[in-house]
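Examination of the molecular architecture
One letter stands for each residue in the lines below.
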Protein chains: 2
Amino acid sequence: MSDFLIPAMQRLSPYVPGEQPQGKQYIKLNTNENPYPPSNRVLDALSREFISQLNLYSDPTALSLRHTIADQYGLSPENVFTANGSDEVLGFAFRAFCDASHPVTIPDISYGFYRVYAKLFETEAKQIPLNEDFTLPVDKFLHVNTTVAFANPNAPTGIALPLSDVEKIIASNQDHVVIVDEAYVDFGAESVLSLLPKHPNLLVVRTYSKAYSLAGARLGYAFGSPELISDLDRIRNSFHPYNINRLTMLAGIEAMLDRDYFDECIHKVTSERKRAMTVLRSLGFEVTDSQGNFLFAAHPALSGKAYYEGLKDRGILVRYWDEPRLYAHIRITVGTPEQMDALFTATKEIFAEV
Amino acid sequence: MSDFLIPAMQRLSPYVPGEQPQGKQYIKLNTNENPYPPSNRVLDALSREFISQLNLYSDPTALSLRHTIADQYGLSPENVFTANGSDEVLGFAFRAFCDASHPVTIPDISYGFYRVYAKLFETEAKQIPLNEDFTLPVDKFLHVNTTVAFANPNAPTGIALPLSDVEKIIASNQDHVVIVDEAYVDFGAESVLSLLPKHPNLLVVRTYSKAYSLAGARLGYAFGSPELISDLDRIRNSFHPYNINRLTMLAGIEAMLDRDYFDECIHKVTSERKRAMTVLRSLGFEVTDSQGNFLFAAHPALSGKAYYEGLKDRGILVRYWDEPRLYAHIRITVGTPEQMDALFTATKEIFAEV
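Residues numbered from 1 in each chain as written. Chains lettered and ligands numbered in written order. Predicted model: local features only at pLDDT ≥ 70, side-chain atom pairs only at ≥ 80, totals over all residues. Heavy atoms only, no water.

1. Points about the relation of the copies chain B and chain A
Note on the identical chains: chain B maps onto chain A by a rotation of 180° and an axial translation of 0.0 Å, with an RMSD of 0.0 Å. What the rotation and shift describe, once combined, is the action of a two-fold rotation axis. A shared binding surface is used by both copies, with 100% of the interface residues of chain B retained as interface residues in chain A. (Least-squares fit on C-alpha atoms with pLDDT ≥ 70 in both. Contact = heavy atoms within 4.5 Å.)

Here's what the structure looks like:
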């Protein structure tokens, strides 16, 4: 930290991304990446000829991309916002709707970044504890009289709220924006998107990082009323109008159009999730009914950190937490069947030693 | 605008990017893109195999890229920051060093985004008018007791300050960060980089968009003391740790390593700049001694807007302004010799009609 940093920024608590090992080859089940490559349509489109046009700026309105996404969901491009990853969408939303006089209400256990954005924009984050069983206490999110943000399905628990509960939260907070982060929705949870026409305060945030196998391309999007989308555009055009590069923009179009490949990847990941859940439970783990591309598990005999370390020694990375409520838990990304078999083998070895 | 937007964000004046025509094919001399494609090393590296790994996140520390840039300039990776375009670098710097109690001093005519960032972070921007001849009034930037930001060479004038003047500004403001935006420095101006070890308050901002023909890849970087760089990283990790996608990261490494191609492009652009300057002056234009990849010109017989419209009718895009001090002026990106010949022909036609 320098002597020049302003006091508010000295108080930040920056996010710590999941381990991205540079040297040794690990089986990476720690950052919820899709284990399958992007669609062949993406690989075909990003040709040498297309790449040779990188001397030209990308379209700052991302119109073709927004059209493609809108068409897929029966909406208009005016309902669609795109950005450099869903983190950027969320960052812009916090800037648009939150500041020192406009707090935000979030779950205590959720995507860790909500708290970080709040500090970046000097906003109070009112944290509501999840229930003992890690479900969201819906009643406590009603009439909170602030902006609201939560993930559905939630991270890292994987637990999804039914649509009726999500609607209660939106309807009871109609004077404030309710941000529903659907980063993992493609893996089976019920989306709130159908409620968009009824609720001008609803902002639905999505990502290409998980279901579309494009984590490394950085592409996020959001759905909302034209007015909400224009708010986000106002922030974007005050920060970085050319926020999406040419290659990612085209990759996003092609990936969205390849529905067969999307369905195939979702099927493979959700089948493997089901198998892994059964195996882990048979090994004595408590596992939530995750609707994401990851499992949230705890074993009575071993802390999350100890299990993490045992796996790391065996060449497998998962994620654990130092936070008290998550001390027993671990998050395991659903990989390929071969990767998961390696996880099961390593797990049996570890527990044989406990 | 929605009813939910917070008051401070209602007061924004978002940047208006240069025209990016989607339909008709224009000769684009309006957004200071490099007319030549990126290095063959970039095209070779972004192979189908590499693209097929987009399911994996990029390295959030961008270590290889920062190493490559640092090596080129004899610095350490701790002196190098990278981001999604130099606009993102600048945005993070404004967030780190400016707020309602920490104003910034900027020239009245410069990169238009400095004012926009100031509003985004609720910062007073103290604007110091350029001299009549569009040079920077160095004395008025001494001991200003605020953060300082300016472009060198300046945009859209192309006029560069000598190193001794830049150092005066840095040395006289040592309790505040001085941001020197060297987006166009590769085209001939003297860089302030050699002064980095002497001045912990110096932040030098650069881009791959101009000299490296990678505007469409979105990649910016900055040099500073390890402490200043860690300040920017603190903001980045509170906003978007995975801010650079995998493809752009590798493109940036390969483009930086291909010095021969860099030199060749710089030579072609600066030679053409010289020729265009001579031709335009012979046609009665006043043209500044631009050190950028663009010309800043005015003709006594025609407003900037009228000249712009005449060129647009003839299939050529340039940039004009509605601001009073720039009413007579136009900014013309230096294109290929063929593109510039088309500009000269169109210009002669336009002035034959005046």
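Read on, since the account is not over.
2. A few points about the side chain of Ser213(B)
Residues and elements named next belong to chain B. Among the structural elements, serine 213 can be located in the loop between strand S7 (202-207) and strand S8 (220-223). Separated by 3.3 Å, the side chains of serine 213 and asparagine 34 make a polar contact. At a separation of 2.8 Å, a polar atom in the side chain of serine 213 contacts the main-chain carbonyl oxygen of tyrosine 36. (Helix = DSSP H or I, 4+ residues; strand = E, 2+ residues; numbered from the N terminus. Polar contact = N/O pair within 3.5 Å; in protein donor to acceptor, adjacent residues only side chain to side chain.)

3. Side note on the environment of Ser172(A)
Residue and element names in this part refer to chain A. Its location among the elements puts serine 172 in helix H7 (residues 163-172). Separated by 30 residues in sequence, serine 172 and leucine 142 place their C-alpha atoms 5.4 Å apart. Polar contacts involving the side chain of serine 172 include one to the side chain of asparagine 173, which spans 3.3 Å.

4. What about the environment of Phe97(A)?
Position of Phe97(A) among the secondary structure elements: in helix H5 (residues 86-97). Considered as a pair, Phe97(A) and Phe121(A) are 24 residues apart in the sequence and their alpha carbons are 9.9 Å apart. In this structure, Phe97(A) is in contact with His102(A), Thr147(A), Val177(A), Leu228(A), Asp231(A), Leu232(A), Ser2(B), Phe4(B), Leu5(B) and Ile6(B), ignoring residues within four places of it in sequence.

5. Some remarks on the domain arrangement of chain A
Residue and element names in this part refer to chain A. On domain assignment, one finds that chain A holds domain 1 (7-37 + 260-353) and domain 2 (40-258). Counting residues at the interface gives 35 residues for domain 1, matched by 35 residues for domain 2. Together domain 1 and domain 2 conceal approximately 2,700 Å² of surface at their shared face, both sides included; 61% is due to carbon and sulfur atoms. In terms of surface lost to domain 2, no three residues of domain 1 exceed Tyr15, Gln291 and Arg325, which account for 26% of the buried area on that side. Taken together, the connections running from domain 1 to domain 2 amount to one salt bridge. Salt-bridge contacts for arginine 325 lead to aspartate 108; the nearest nitrogen and oxygen are separated by 3.2 Å. Summed over the shared surface of domain 1 and domain 2, the result is 17 residue pairs in polar contact (both at pLDDT 80 or more). Secondary structure elements with two or more residues in the side of domain 1 that touches domain 2: helix H1 (7-10), helix H10 (259-282), strand S10 (294-298) and strand S13 (329-333). Sort the elements by how many residues they give to the side of domain 1 that touches domain 2 and H10 lands first, with eight residues. (Domains from an automatic or database assignment. Buried area = accessible area lost by both parts, 1.4 Å probe. Salt bridge = Lys/Arg side-chain N within 4 Å of Asp/Glu carboxyl O.)

6. Focus on the pattern of salt bridges
Taken as a whole and judged by the stated rule, the model has 30 salt bridges over all chains. One salt bridge connects Glu124(B) with Lys126(B), and the closest N-O pair in it is separated by 3.8 Å. Given the relative accessible area of 44%, Glu124(B) is considered partly exposed. On the basis of relative accessibility, which here comes to 34%, the residue Lys126(B) falls in the partly exposed class. Through salt bridges that share partners, Glu272(A), Arg275(A) and Asp341(A) make up one connected network. (Buried < 20%, exposed > 50% of the residue type's maximum accessible area, 1.4 Å probe, protein only.)

7. Focus on helix H11 (residues 304-313) of chain A
Residues and elements named next belong to chain A. For H11, the set of buried residues is Gly304, Tyr307, Tyr308, Gly310 and Leu311. Along H11, the residues classed as buried sweep out an arc of 165° about the axis, all on the same side. Looking at the packing, one finds that the buried side of H11 touches H10, strand S11 (316-317), strand S12 (319-320), S13 and helix H12 (337-353). Following H11 by one or two positions, glycine 315 has its phi on the positive side, about 80°. (Arc of directions from axis to C-beta.)

8. Some words on the pairing of strand S7 (residues 202-207) of chain A
All names here are of chain A. The buried count for S7 comes to six of six residues, which makes it a mostly enclosed element. Of the two faces of S7, the one holding Leu202, Val204 and Arg206 and the one holding Leu203, Val205 and Thr207 are both buried throughout. Sheet topology note: the strand S6 (residues 178-181)/S7 ladder contains four bridges and is parallel. Bridged to valine 178 within S7 is leucine 202. Summarising the sheet, S7 and strand S8 (residues 220-223) pair through four bridges and their orientation is antiparallel. The residue bridging threonine 207 from the neighbouring strand is glycine 220, located in S8. (Pairing = 2+ DSSP bridges.)

9. Some thoughts on the sheet that holds strand S10 (residues 294-298) of chain B
Residue and element names in this part refer to chain B. Here we have four strands laid out as an open sheet, ordered S9-S10-S13-S12, and antiparallel in their pairing. This sheet does not close on itself; its edge strands, each paired only once, are strand S9 (286-287) and strand S12 (319-320). Sheet topology note: the S9/S10 ladder contains two bridges and is antiparallel. Note that in S10 the partner of valine 287 across the bridge is alanine 297. Along the sheet face, helix H10 (residues 259-282) touches S9, S10 and strand S13 (329-333) and points at about 10° away from the line of S10. Here helix H11 (residues 304-313) sits on the sheet and contacts S12 and S13; the angle it forms with S13, its principal contact strand, is near 40°. (Axes fitted to C-alpha atoms, helices over the stretch in contact; angles between N-to-C directions.)

10. Details of the interface of chain B and chain A
Counting residues at the interface gives 87 residues for chain B, matched by 87 residues for chain A. Taking both partners together, chain B and chain A bury about 7,100 Å²; carbon and sulfur atoms supply 61% of that area. Counting the surface chain B buries against chain A, the share from its top three residues, Phe4(B), Tyr57(B) and Phe239(B), is 12%. Scanning the region where chain B abuts chain A turns up four salt bridges. With a closest N to O distance of 3.6 Å, Glu122(A) and Arg95(B) form a salt bridge. For the pair chain B and chain A, the interface holds 46 residue pairs in polar contact (both at pLDDT 80 or more).

11. Examining the sheet that holds strand S9 (residues 286-287) of chain A
Residues and elements named next belong to chain A. In space, the four strands of this open sheet follow the order S9-S10-S13-S12, with antiparallel pairing throughout. If you trace the sheet from one side to the other, it starts and ends with S9 and S12, each paired once. One ladder, built from five bridges, connects S10 with S13; its direction is antiparallel. Paired with alanine 298 across the two strands is histidine 329, which belongs to S13. Contacting S12 and S13, H11 runs over the sheet at an angle of about 40° to S13.

12. Topic: the packing of H5(A) against helix H6 (residues 113-120) of chain A
Residues and elements named next belong to chain A. As a packed pair, H5 and H6 sit with axes 10 Å apart at the nearest point and diverge in direction by 45°. When the axes of H5 and H6 are compared, the pair comes out oblique. For the crossing formed where H5 meets H6, the hand is right-handed. Touching Asp87, Glu88, Leu90, Gly91 and Phe94 of H5 are Phe113, Tyr114, Tyr117 and Ala118, all from H6. Grouping the amino acids of the contact of H5 with H6 by side-chain chemistry returns six nonpolar, one polar and two charged. (Parallel < 35°, antiparallel > 145°, perpendicular 65-115°, else oblique. Left-handed = near helix turned anticlockwise from the far one by under 90°. Nonpolar A, V, L, I, M, F, W, Y, C, P; charged D, E, K, R; others polar.)

13. Side note on empty space enclosed by the protein
Taken as a whole and assessed by the stated rule, the structure comprises six cavities of 30 Å³ or more. Put simply, the largest cavity is a space of about 80 Å³. In terms of lining, the largest cavity is formed by Phe92(A), Arg95(A), Leu120(A), Phe121(A), Ile235(A), Phe239(A), Phe92(B), Arg95(B), Leu120(B), Phe121(B), Ile235(B) and Phe239(B). (1 Å grid on protein atoms, 1.4 Å probe; cavity = no way out; pocket = protein on both sides within 12 Å on 5 of 7 lines; lining within 4 Å. Points joined across faces, edges and corners; volume = space filled by probe spheres on them.)

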